[in-house]
Amino acid sequence: MRYLTFALGKGRLAKTTLKLFEQIGITCEEMKDKDTRKLIFVNEELKLRFFLAKGPDVPTYVEYGAADIGIVGRDTILQEGRNIYEVLDLGFGKCRMCVCGYASAKDLLEHHEQIRVATKYPKIAKDYFYNKKHQTVEIIKLNGSIELAPIVGLADVIVDIVETGSTLKENGLVVLEEICQLSARMVVNPVSMKLEQERVSRLISDLRSVIPESDR
Ligand code: PRP
């Protein structure tokens, strides 16, 4: 039996994923050692391998087949636009992709003004404004603290993730439009989906059985 390789997005996503996997009998003790410098972790018994990667790199590893399966946020899947299959909503990491800004920017959106949009997700922003709203905008790519952009006058609005809404609230900003719902997803390489159909299908059904129905 060949190894089935998993790429997990580093951080909270990987931790929650491992907890979910434990519920279906998949463990990886090696990975729990906080001091380890190892990059790849193996469960010999089940012939599984795990590695941690930066979120945006997970779809890349999966598309090229370096990982059979990836666990990553839907925001990253949409932004990266890779040739991979999204097979399961894991039901955690729920948040929304939204257009946000000062309440006064609502007029600019309604009147389809040529506005500046700051975001870490230029592909998602472009798809939303150009293909869905048919509005021409100028997109400015940032790498973090996106909420700063309208405050310091870099952009009229932002396209960003809203989870609790507290970052917006504390900075006097509001949700102006919702683009889509997000959560952690399981993705699979198209070839692995065929070659490992039995193992992948069993994994999906096992995970489904432990994900609360209300989270699916
Ligand atoms: C994310 C996102 C928002 C914030 C939303 O940023 O970009 O800034 O969380 O969460 P909230 O609605 O619960 O306040 P993150 O903390 O990941 O860091 P970043 O600004 O560097 O992207």
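We now turn to the structure provided with this report. Being a predicted model, the structure only gives us computed values, none of them experimental. (Residues numbered from 1 in each chain as written. Predicted model: local features only at pLDDT ≥ 70, side-chain atom pairs only at ≥ 80, totals over all residues. Heavy atoms only, no water.)

Quick look at the sheet that holds strand E11 (residues 184–188)
Stage number 1. As summarised here, the arrangement of the six strands in space is E2-E3-E1-E4-E11-E5, forming an open sheet in which the pairing is mixed. Of all strands in the sheet, those bounded by a partner on one side alone are strand E2 (40–43) and strand E5 (85–89). When the angles between neighbouring strand axes are averaged without regard to direction, this sheet yields 25 degrees.
Stage number 2. Relative to E11, E5 runs antiparallel, the two being bridged by four bridges. Each bridged residue has a counterpart across the sheet, and for Leu88 the counterpart in E11 is Met186.
Stage number 3. In the packing of helix H1 (residues 12–23) onto the sheet, the strands contacted are strand E1 (4–9), strand E3 (48–53), strand E4 (69–73) and E11, and the crossing angle to E1 comes to about 135 degrees. (Pairing = 2+ DSSP bridges. Helix = DSSP H or I, 4+ residues; strand = E, 2+ residues; numbered from the N terminus. Axes fitted to C-alpha atoms, helices over the stretch in contact; angles between N-to-C directions. Contact = heavy atoms within 4.5 Å.)

So, the site of the ligand
Stage number 1. Around the ligand sit Lys120, Gly144, Ser145, Glu147, Asp160, Ile161, Val162, Glu163, Thr164, Gly165, Ser166 and Thr167, and that is every residue in its neighbourhood.
Stage number 2. One of the side-chain nitrogen or oxygen atoms of Lys120 is found 2.6 Å away from an oxygen atom of the ligand.
Stage number 3. At 2.8 Å from an oxygen atom of the ligand is found a main-chain nitrogen or oxygen belonging to Ser145.
Stage number 4. Out of a free accessible area of 500 Å², the ligand has 65% covered by protein chains.
Stage number 5. Per-element accounting of the shell around the ligand gives the leading share, three residues, to strand E9 (residues 157–162).
Stage number 6. For the shell around the ligand, the residue count by class is two nonpolar, six polar and four charged. (Near = heavy atom within 4 Å. Polar contact = N/O pair within 3.5 Å; in protein donor to acceptor, adjacent residues only side chain to side chain. Areas by Shrake-Rupley, 256 points an atom, 1.4 Å probe, with all protein chains shown as cover. Nonpolar A, V, L, I, M, F, W, Y, C, P; charged D, E, K, R; others polar.)

Concerning the packing of aromatic side chains
Stage number 1. Under the defined criterion, the tally for this structure stands at five aromatic pairs.
Stage number 2. Here Tyr128 and Phe129 contribute two aromatic rings whose centre-to-centre distance is 5.2 Å and whose plane-to-plane angle is 75 degrees, an arrangement assigned as edge-to-face.
Stage number 3. According to the relative accessible area criterion, Tyr128 is buried, its value standing at 7%.
Stage number 4. Phe129 gets classed as buried once you look at its relative accessible area, which sits at 0%.
Stage number 5. Three or more aromatic residues joined by ring pairs make a cluster, and in this case those are Phe6, Phe21 and Phe50. (Phe/Tyr/Trp six-rings, centres within 6.5 Å; stacked < 30°, edge-to-face > 60°. Buried < 20%, exposed > 50% of the residue type's maximum accessible area, 1.4 Å probe, protein only.)

Read these as spatial facts, not as claims about activity.
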